[in-house]
Amino acid sequence: MAQLWGGRFEKETDELVYAFNASISFDKKLYKQDIAGSKVHARMLAKQGIITAEDEKAIQLGLDSILDDIEYGNIEITDEYEDIHSFVEANLTERIGEAGKKLHTGRSRNDQVALDMRMYTRDKVLETRGLIIQLLGTLDDLMEKHIETYMPGFTHLQKAQPVTLAHHLGAYFEMFKRDYQRLYDIFDRMNFCPLGAGALAGTTYPLDRKYTAKALGFYGPTLNSMDSVSDRDYLIEYLAAASTIMMHLSRFCEEIIIWNSNEYRYIEIDDAFSTGSSIMPQKKNPDIAELIRGKTGRVYGALMSLLTTMKGIPLAYNKDMQEDKELVFDAMDTVNGCLVLFNGMIKSIKFNKDIMAASAMNGFTNATDAADYLVGRGVPFRDAHGIIGRLVLYCIDKKCSLDELSLDELREISPKFDEGVYDAISLKTCVKRRLTMGAPGRRAMEEEILSCREFLKKAKEAENEINSFFNE
Ligand code: ARG
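Counting of residues starts from 1 at the beginning of each chain's written sequence and follows it residue by residue. Given that this is a predicted model, residues contribute local features only at a pLDDT of at least 70 and side-chain atom pairs are listed and counted only at 80 or more, while totals for whole chains, interfaces and linings are drawn from all residues. Where side-chain values are given, they derive from all heavy atoms of the structure, hydrogens and water being excluded.

Novice: Describe in detail the site of the ligand, supporting the description with residues and values.
Specialist: Each residue is tested against the molecule or strand, and it is near if at least one of its non-hydrogen atoms lies within 4 Å. Neighbouring residues of the ligand: S23, D27, D83, H85, R109, N110, V113, Y317, K319, Q322 and K325. A 3.5 Å cut-off defines polar contacts: any pair of N or O atoms within that distance qualifies, except that in protein one atom must be a possible hydrogen donor and the other a possible acceptor, and neighbouring residues in sequence count only when both atoms are side-chain atoms. Residue Y317 places a side-chain N or O atom 2.3 Å away from an oxygen atom belonging to the ligand. Between the ligand and K325 there is a distance of 2.6 Å, counted from an oxygen atom to a side-chain nitrogen or oxygen. Only the protein chains shown count as cover for residues, and all accessible areas are computed by the Shrake-Rupley method using a 1.4 Å probe. Contact with the protein chains hides 86% of the accessible area of the ligand, taken as 340 Å² for the molecule alone. Numbering of helices and strands runs from the N terminus; a helix is a DSSP stretch of H or I covering at least four residues, while a strand is a stretch of E covering at least two. Of all the elements, helix α6 (residues 109-145) adds the most residues to the shell around the ligand, at three residues. Lys, Arg, Asp and Glu make up the charged group, whereas Ala, Val, Leu, Ile, Met, Phe, Trp, Tyr, Cys and Pro make up the nonpolar group; the residues left over, Gly among them, are polar. Residue classes in the shell around the ligand are distributed as two nonpolar, four polar and five charged.

Written as structure tokens, this is what we have:
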């Protein structure tokens, strides 16, 4: 057991208590951020004359060597330390002696962990943003290719009106676009540095908080020191955004599962993204889509869990907050992993265009257009609705589609029909004439794709800019 705080205790910590309290098994993920934060803190302490230049030099070399040893696998971060902060400090002191003991001057683990977690989350937010942009790129390519891939649009999972695959995918483009924007906003709000808030009330040393904030890539320091050590809003915001991404992925997966079913056969998921059955030789299952749909639950769970953890915590730091890490780490890995797999899966899907078009034909998706045709010939819409309704009933009985009826059969119900009806209710015409902004008709769709492209271009520029800022 290696702790930073033995002084005022007369007894050893109970072993169970030690294990219950320790966080190293999961906060070891933060080693890079912890070392980077410590290096900048030490540089600032020296600059402010709080520690000597020699001590600072020893600290810097010591911290660099710890980082190298971890990265090259020369040392292991073991459970013998309480948390990552204790591990780094103890290791440093072992390496450089007395100077190591000065690193924690004017700092508390409360502002330290707040800093580490923010830096870690900041990277993950950028990673998620990058993955969403890749997915938007895939959707954009597919939209371009499928402007004339007809399919039924559904409401209540009942065929409604004909649309195109490009139009259907465009709906998801909008959802993931909002997801990107949410993460963009979150980053802007969270990129402030809590280092220097101390345990809760700042310190008596003349720290330069603006300096450390800038050196660590933040827009500036956080303000109130009590809030600085106890704010976990940015994690809740991230989890809410991650939950929404998962909800979108899950809806899409649900459709992929339906489209891939034996009854629909709109698509075929690539072998590389499917699995078989141990007993039924004919099976090819959409497990990846199902797993992504399933994993949505654990991300929602993380959000609810952290909201609940935070709801009764008085100011300022309380140990409850240590519970943020495992949940958030798991949610980050889940959402980022799902985005990668989902992108790969939809890239390799084969769309059975003929089956999709036939499906749009045989479900009376052109019934509204048939009614509109009669309206064009002077029949009031309500009457036209009734006439087409009767024709649909007749077709159901005859097991055929509206355009398979002869002109005589049509005229028997309304004399207003003539030859032009067949073109008016063909799938192509039904889609082509839907030209309101955001509709599936070619011209409207091309404009939509153009503005998607414009968005993507700007988002990519923003990502390049922020990534080159952090990799400088
Ligand atoms: N492991 C702790 C956490 O994750 C670090 C902060 C500990 N601070 C304290 N006062 N015990 O929250």
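Novice: Describe in detail the environment of G438, supporting the description with residues and values.
Specialist: Relative to the elements of secondary structure, G438 occurs in the loop between α18 (427-432) and α19 (442-471). Remark: exposure states derive from per-residue accessible area (1.4 Å probe, protein chains only) relative to the maximum for the residue type, with buried under 20%, exposed over 50%, and partly exposed in between. A residue is classified by how much of its surface remains accessible, and G438, at 41% relative accessible area, is partly exposed. Spatially, the C-alpha atoms of G438 and L165 are 14 Å apart, while their sequence positions differ by 273 residues. Residue contacts are defined here by distance: any two heavy atoms, one from each residue, within 4.5 Å place the two residues in contact. Leave out the neighbours within four places in its chain, and G438 touches H167 and E448.

Novice: Which residues make up the pattern of salt bridges, and what are the values?
Specialist: Definition used for salt bridges: Asp or Glu carboxyl oxygen within 4 Å of a side-chain nitrogen of Lys or Arg. Scanning the entire structure with this criterion turns up 29 salt bridges. Residues K284 and D271 are paired through a salt bridge, measuring 2.9 Å at the closest nitrogen-oxygen approach. In this pair, K284 is assigned in the loop between β5 (267-268) and α11 (287-310) and D271 in the loop between β5 and α11, connecting sequence segments 13 residues apart. Given a relative accessible area of 58%, D271 falls into the exposed group. The partner of R442 in a salt bridge is E446, and the shortest N-O contact between them spans 2.6 Å. A residue pair is termed a helical-turn pair when its members lie 3 or 4 positions apart in one helix, as R442 and E446 do in helix α19 at four residues. Through salt bridges that share partners, E82, D83, R109 and K319 make up one connected network.

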